[in-house]
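# Coordinates in review
The residues making up each chain are set out below.
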There are 2 protein chains.
Amino acid sequence: MTSGSTIDAKRDGANDGEQDLRGDVHNAARRARVASRTLALLNAEQKNRALHAAADAVLGAVDAIIAANNHDIERAKASGTEESLLDRLRLTPARVDGIAAGLRQVAGLDDPVGEVVQGKTLPNGLELVQKRVPLGVVGIVYEARPNVTVDAFGLALKSGNAVLLRGSSSASNSNTALVDVLRTSLVDSGLPADSVQLLPTEDRATVTHLIQARGLVDVVIPRGGAGLINAVVRDATVPTIETGVGNCHVYVHSAADLDIAENIVLNSKTRRPSVCNTAETLLIDEQIAPVALPRLVGALEDAEVTLHGDLPGMVAAGEDDWADEYLSLDMAVKVVAGIDEAIAHIEKYGTSHTEAIVTADIAAAREFTSRVDAAAVMVNASTAFTDGEQFGFGAEIGISTQKLHARGPMGLPELTSTKWIVWGQGHTRPV
Amino acid sequence: MTSGSTIDAKRDGANDGEQDLRGDVHNAARRARVASRTLALLNAEQKNRALHAAADAVLGAVDAIIAANNHDIERAKASGTEESLLDRLRLTPARVDGIAAGLRQVAGLDDPVGEVVQGKTLPNGLELVQKRVPLGVVGIVYEARPNVTVDAFGLALKSGNAVLLRGSSSASNSNTALVDVLRTSLVDSGLPADSVQLLPTEDRATVTHLIQARGLVDVVIPRGGAGLINAVVRDATVPTIETGVGNCHVYVHSAADLDIAENIVLNSKTRRPSVCNTAETLLIDEQIAPVALPRLVGALEDAEVTLHGDLPGMVAAGEDDWADEYLSLDMAVKVVAGIDEAIAHIEKYGTSHTEAIVTADIAAAREFTSRVDAAAVMVNASTAFTDGEQFGFGAEIGISTQKLHARGPMGLPELTSTKWIVWGQGHTRPV
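Criteria and thresholds
- Residues numbered from 1 in each chain as written.
- Chains lettered and ligands numbered in written order.
- Predicted model: local features only at pLDDT ≥ 70, side-chain atom pairs only at ≥ 80, totals over all residues.
- Heavy atoms only, no water.
- Pairing = 2+ DSSP bridges.
- Helix = DSSP H or I, 4+ residues; strand = E, 2+ residues; numbered from the N terminus.
- Axes fitted to C-alpha atoms, helices over the stretch in contact; angles between N-to-C directions.
- Contact = heavy atoms within 4.5 Å.
- Core = buried A, V, L, I, M, F, W, Y, C linked by side-chain atoms within 4.5 Å.
- Buried < 20%, exposed > 50% of the residue type's maximum accessible area, 1.4 Å probe, protein only.
- Phe/Tyr/Trp six-rings, centres within 6.5 Å; stacked < 30°, edge-to-face > 60°.
- Lys NZ or Arg CZ within 6 Å of the ring centre and 35° of its normal.
- Arc of directions from axis to C-beta.
- Least-squares fit on C-alpha atoms with pLDDT ≥ 70 in both.
- Buried area = accessible area lost by both parts, 1.4 Å probe.
- Salt bridge = Lys/Arg side-chain N within 4 Å of Asp/Glu carboxyl O.
- Polar contact = N/O pair within 3.5 Å; in protein donor to acceptor, adjacent residues only side chain to side chain.
- Domains from an automatic or database assignment.
- Parallel < 35°, antiparallel > 145°, perpendicular 65-115°, else oblique.
- Left-handed = near helix turned anticlockwise from the far one by under 90°.
- Nonpolar A, V, L, I, M, F, W, Y, C, P; charged D, E, K, R; others polar.

## What about the sheet that holds strand E11 (residues 354-358) of chain A?
Across the sheet, which stays open at both edges, the 9 strands sit in the order E9(A)-E10(A)-E8(A)-E7(A)-E11(A)-E12(A)-E15(B)-E2(B)-E1(B) with mixed pairing between neighbours. On the outer flanks of this sheet lie strand E9 (306-309) of chain A together with strand E1 (116-121) of chain B, each paired with one strand and no other. Sheet twist, expressed as the average angle between the axes of neighbouring strands with direction ignored, equals 20°. Strand direction decides the pairing type here: strand E2 (residues 127-134) of chain B and strand E15 (residues 416-427) of chain B, joined by 8 bridges, are antiparallel. Bridge assignment links B:Lys131 to a residue of E15(B), and that residue is B:Lys419. Strand contacts of helix H14 (residues 362-371) of chain A: strand E7 (248-252), E11 and strand E12 (376-381) of chain A together with E15 of chain B, with the helix running at about 145° to E15(B), the strand carrying the most contacts.

## Some remarks on the sheet that holds strand E5 (residues 196-198) of chain B
Residue and element names in this part refer to chain B. Read from one edge of the open sheet, 4 strands run E5-E4-E3-E6, paired in parallel fashion. Across the chains shown, the open sheet's two edge strands, defined by having one partner strand only, are E5 and strand E6 (219-223). Averaged over all neighbouring strand pairs, the angle between strand axes comes to 20°, with direction disregarded. Seen against the sheet, helix H7 (residues 172-188) touches strand E3 (137-142), strand E4 (162-166) and E5 and runs at an angle of roughly 155° to E5.

## Topic: the nonpolar core
Core analysis: the largest hydrophobic core is formed by 69 residues, its most contacted members being A:Ile140, A:Leu164, A:Val217 and A:Ile221. Counting residues per element, this core draws most heavily on helix H6 (residues 147-158) of chain A, at 7 residues. Ignoring sequence-local partners within four residues, the contact set of A:Ile140 consists of A:Ala152, A:Val163, A:Leu164, A:Leu165, A:Arg166, A:Ile221, A:Arg223 and A:Ile397. Core analysis: the second largest hydrophobic core is formed by 68 residues, B:Ala32, B:Ala50, B:Ala213 and B:Ile397 among them.

## So, unusual backbone geometry
Residue and element names in this part refer to chain B. Positive phi is not limited to glycine here, since serine 352 has a value of about 60°. Within the secondary structure layout, serine 352 lies in the loop between helix H13 (339-349) and strand E11 (354-358). The backbone of histidine 405 sits at a positive phi, close to 75°, despite the residue not being glycine. Here histidine 405 is to be found in the loop between strand E13 (398-400) and strand E14 (408-410).

## Focus on the packing of aromatic side chains
What the rule picks out here adds up to 8 aromatic pairs over all chains. Aromatic pair A:Trp420 and B:Phe391: ring centres 5.1 Å apart, planes at 70°, arrangement edge-to-face. Taken as a pair, A:Trp420 in strand E15 (residues 416-427) and B:Phe391 in the loop between strand E12 (376-381) and E13 lie in two separate chains rather than in one. Consider the rings of A:Trp420 and B:Phe393, whose centres lie 6.0 Å apart with planes at 50°: the pair is tilted. Here A:Trp420 is found in strand E15, whereas its partner B:Phe393 is found in the loop between E12 and E13 on a different chain. The pair formed by A:Trp420 and B:Phe393 is uniform in burial state, with each residue classed as buried. Among the aromatic residues, those joined into a cluster by ring pairs are A:Phe391, A:Phe393 and B:Trp420. The positively charged end of A:Lys334 is found above the aromatic ring belonging to A:Trp322, 5.8 Å away from the centroid.

## Quick notes on helix H13 (residues 339-349) of chain A
All names here are of chain A. Those residues of H13 not exposed but buried are Ile339, Ala342, Ile343, His345, Ile346 and Tyr349. End-on view of H13: buried residues confined to an arc of 160°, all on one side of the axis. The inward-facing, buried residues of H13 abut E7, strand E8 (279-285), helix H12 (319-323), strand E10 (330-336), E11 and H14.

## Considerations on the relation of the copies chain A and chain B
Superposing chain A onto chain B requires a rotation of 180° together with a translation of 0.0 Å along the rotation axis, leaving an RMSD of 0.0 Å. In the structure described here, the two chain copies are related by an operation that fits a two-fold rotation axis. Judged by C-alpha distance, A:His405 is the residue of chain A that lies nearest the rotation axis, at 1.8 Å. Both copies contact each other with a shared surface, as 100% of the interface residues of chain A are interface residues in chain B too.

## Concerning the environment of B:Tyr326
Residues and elements named next belong to chain B. Relative to the helices and strands, tyrosine 326 resides in the loop between helix H12 (319-323) and strand E10 (330-336). A relative accessible area of 19% places tyrosine 326 in the buried class. As for tyrosine 326 and glycine 246, which are separated by 80 residues in sequence, their C-alpha atoms are 9.9 Å apart. Not counting residues within four places of it along the chain, the set of residues in contact with tyrosine 326 comprises Glu280, His308, Asp321, Met331 and Ala332.

## Quick look at the interface of chain A and chain B
Counting residues at the interface gives 71 residues for chain A and 71 residues for chain B. The largest share of the area that chain A buries against chain B comes from A:Leu404, A:Trp420 and A:Arg429, three residues that together contribute 14% of it. The interface formed by chain A and chain B includes 8 salt bridges. Our count for the chain A to chain B interface comes out at 43 residue pairs in polar contact (both at pLDDT 80 or more).

## Concerning the pattern of salt bridges
Within this structure, the stated rule accounts for 46 salt bridges over all chains. Between A:Glu280 and A:Lys269 there is a salt bridge whose closest N-O contact spans 2.9 Å. Of this pair, A:Glu280 sits in strand E8 while A:Lys269 sits in helix H10 (residues 258-270), placing them 11 residues apart in sequence. The class for A:Lys269 is buried, based on a relative accessible area of 0%. Between B:Asp218 and B:Arg33 there is a salt bridge whose closest N-O contact spans 2.8 Å.

## Focus: the environment of A:Thr351
Residue and element names in this part refer to chain A. Relative to the helices and strands, threonine 351 is located in the loop between H13 and E11. Residues threonine 351 and cysteine 248, 103 residues apart in the sequence, show an inter-C-alpha distance of 7.3 Å. Setting aside chain neighbours within four positions, we find threonine 351 in contact with Val245, Gly246, Asn247 and Thr401. A polar contact is formed between the side chain of threonine 351 and the backbone oxygen of valine 245, at a distance of 2.9 Å.

## Quick word on the domain arrangement of chain A
What the domain assignment reports for chain A is domain 1 (12-235) and domain 2 (248-385). Just the C-alpha atoms count here: the centres of domain 1 of chain A and domain 2 of chain A sit 36 Å apart.

## Looking at the environment of A:Gly154
Residue and element names in this part refer to chain A. Counting through the fold element by element, glycine 154 comes out in helix H6. On the accessibility criterion, glycine 154 (0% relative accessible area) is buried. When the C-alpha positions of glycine 154 and alanine 100 are compared, they lie 9.9 Å apart, and in sequence the two are 54 residues distant.

## Points about the packing of helix H5 (residues 93-107) of chain A against H6(A)
Residue and element names in this part refer to chain A. The interhelical angle for the contact between H5 and H6, taken along N-to-C directions, is 15°, at an axis separation of 9 Å. Comparing the axis directions of H5 and H6 gives the class roughly parallel. The crossing of H5 and H6 is right-handed. Within the contact between the two elements, H5 uses Ile99, Leu103, Val106 and Ala107 and H6 uses Asn147, Val150, Phe153, Gly154, Leu155 and Lys158. Across the contact of H5 with H6, the residue classes break down as 7 nonpolar, 2 polar and 1 charged.

Structure below.
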């Protein structure tokens, strides 16, 4: 055997492995499609019963789930994972209770499937009804937290969709244990196990195969950082919904109430700095800056926020400070000449997630809300409110920052499509 | 100079050309973005006035438009274009009247922008309102018919979007003349000319640059045949809406009224065989086949339809006959064992556009409408009804065959996104 043929053999081997993985993902998607046909026809009662049964099954398997999670935690510790990530990964009996409670909460939500969105009778007597139907097969790509595994399953099941889950390898034991419990419970409920499937995590190519399984997968929702989302959006041929990257701003207008401004800036920045609705940049109107700046800077520094900007005592700010999410107790600060500059800055650097204005002036509020192009625009309210549960959706599958299909927090209706059903009595269309 | 450097120079030259074209498309998109900010804030009255002014301008320029169109027609004739395509390309005074009337019709439609889709007051007093907003910058890629140029402009303007048009090179003189008229009219109405721009047609790479102008273009809608749509969907990084590929079926169920079946099959196939809602395959239930088959075959043959299938006297059918659109007076015919086989066939070969059942049996109709996964499902009605004007939308930008954002005929609301506007009085979110 020559070295050339060895290389070829290796390359063939690699291709075979690639092909196998691709085949595995496609076969999983085909099984999901078969399951989705059953799910699409279930009524709410059947789905709710299965959700409660799944909640019971999760509670019944708490020991096995936590044992599996311990393996993930130990492996993560051994590889030097930092405590904040360990905390995201960790399951406790209380967290497992919370996961089960989440399934029961979804059972309590209205079933979006079958909702009549609109309808009419045409002049010729044709009767049109537009109904919500499931999307079909939904892929979710997500990072560390294992509770997402069960949340995504619950929301998908309630909306009549089969789901393909691609979690992170760091949570693979936890996710495997959880999905095993869910699949067994589905079968016990008389529903197809393949309503939920976990895709292999060893190889990043799984994600590529999933997002390129056009015709087999109806939509892929990436949940994670900017890197994951950009990669998915760039390489996908399956329709995707961008979620969660939030470079959010609070603009303190010249007519702001400073007590309100201080509360909102602090809450927007410090409530949970690692989540997408946290504010990353503070814009202060120059008219109010002489009073507002020292007060807000003082309050933020008291809250241990590191400030970045061009002002004395701040860490010098570069382009990245305006453009990127810190997701930490850091905040960029800029004095702007007025609402036009504030809006222009947001348009240049924002990610169309959540933008807030603090003002007592109705004209400024109306101008800001109509001109700022974002999923959510807040007037005298914290950016932290952009969240499906806060918006009263009961649960969310993510926060869309794109303009098509869904924008902002996505609940159950955002996991559906529609279908026109047209009833005639032999109607034909004149030429 | 060595040949190597010549090649490099050539390659650089090609790259420069490529880069120039890419830059041209991106710059057009940036100008569109600037225009879109103005358009987004217009009220319906301002937009309607501009639409009527544009209609007047088109009528006033009828001679120049037809002269430009004559150049296209002569060039097309010289290159041996067939008469059906020439007819699609041709403008006459009556057709120009129709184009202007289309703009006035759009002026008469409800403005989707600003519509409150939903809203509520949360328990904490926060007031949420979800409003329709324009998408922003919309790209349309389309084929021969120059009327699409003006239709797309009108629908985009009414929905507050700037539009980038990439028509076919065969219509380039006509499209240039039309867009010149529209841009001049916009300026006369005090609106930005760059609300509508025609992209160069000489190079197919324009399409690639448009569909990859992520962040500059909000959505691209391809209107055309399967080849165009598949290429756009495959290469796009900008979100796209798939339109118009329709491999539609009529299923004649065992409980069909044969008079109704004959009318619907004939109308679905022969009304306009070249459009996407035409039926391409006839499925006949074997229980009714002994009576239905000879009658329907006779009627179709009388209408000069060539039948493809496995039955005596038909052109033998291969996989392509089931999978592809004929868009001509051809129809595939298959006898199926019952509703399960009919639905399985549609699922395998259909394009989720329009599917029809002919039956007097309510259980069969309900089963077909709930199990068939398509934008429109007809009961005892012709597939020809799937059309924005027929559905009462007044005008359509295309028929979506995807599940995200829009499904079926797309009118003005489908050219919008939404924005949550949240009003507080200093609200912060508890930890």
